[in-house]
Amino acid sequence: MCVSDNEVEIVLVPADGDFDPTDVGWQRQTHALYQELREYVEVRTVTKPGQGQKGGVVEVIIALGASGAITAVLTVLRQWLNQRSSRSVTLTITGERPVTVTLDTVGASDESLQAAIVAAVEHAGNG
């Protein structure tokens, strides 16, 4: 994927402490997340082989080009995270200095999550 000067690329890795990444139920849940994200941003998936596993860990790569994209993505992620307390999402913002942020269901408001993502994007050299 070619990322233009005004786009930010984020690698998203969802997790749930109650599911193995190869579990069919988990795969359905993550597929639903990806479909929801596709309504707002460009999304592609890449499967990275897991050590000693069949299949692998699925990374979602999203391109944030529009100004409202961060807000839309955070809204989708917050709703998805709130469905199960064992879920988390790790976001790696690419750039000159990649930054990784992990979001979970514990005590973060949408505003604080957005501020963290915006700060991470700026730190990564993309903002």
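Criteria and cut-off values
Along every chain, residues carry numbers that run from 1 in the direction the sequence is written. For this predicted model, a pLDDT threshold of at least 70 governs which residues receive local features, and a threshold of 80 or more governs which side-chain atom pairs are given and counted, while totals over whole chains, interfaces and linings are taken from all residues. Only hydrogens and water are set aside when side-chain values are computed; all heavy atoms of the structure are taken into account. Runs of E in the DSSP output that reach at least two residues are strands. Runs of H or I that reach at least four are helices, and both are numbered from the N terminus. In this analysis, two residues are considered to be in contact whenever any of their non-hydrogen atoms come within 4.5 Å of each other. Only rings of Phe, Tyr and Trp enter the pairing, Trp through its six-membered ring, and a pair is recorded when the two centres are within 6.5 Å. The plane angle decides the type: under 30 degrees is stacked, over 60 is edge-to-face, the rest tilted. Partly exposed describes any residue whose relative accessible area lies between the buried limit of under 20% and the exposed limit of over 50%, with all areas from a 1.4 Å probe on protein chains only and scaled to the type maximum. Placement of a positive charge over a ring is assigned whenever Lys NZ or Arg CZ falls within 6 Å of the ring centre and within 35 degrees of the normal to the ring plane. The quantity called pLDDT is the predictor's confidence in a given residue, expressed from 0 to 100.

Remarks on the side chain of S88
Okay, step 1: Position of S88 relative to the elements: it lies in strand β4 (residues 87-93).
Okay, step 2: With residues up to four places along the chain from it excluded, the contact list for S88 reads V13, P14, A15, W80, L81, T102, L103 and D104.

Quick notes on the packing of aromatic side chains
Okay, step 1: Scanning the model with the defined rule gives two aromatic pairs in all.
Okay, step 2: A ring pair is formed by W26 and W80, whose centres lie 5.7 Å apart and whose planes are at 55°; its orientation type is tilted. Linking W26 in helix α1 (residues 24-38) with W80 in helix α2 (residues 69-81), this pair joins segments that are 54 residues apart in sequence.
Okay, step 3: In this structure W80 comes out as buried when scored by relative accessible area, which is 4%.
Okay, step 4: What links up through ring pairs into an aromatic cluster is the set F19, W26 and W80.
Okay, step 5: Across from the ring centre of W80, 4.1 Å away, lies the NZ or CZ of R87, which sits over that ring.

Some thoughts on the confidence of the model for the protein
Okay, step 1: Looking at the protein as a whole, its pLDDT mean stands at 78, while 74% of the residues score no less than 70.
Okay, step 2: Highest mean pLDDT in the protein belongs to α1 (92); lowest belongs to helix α3 (residues 110-123) (70).

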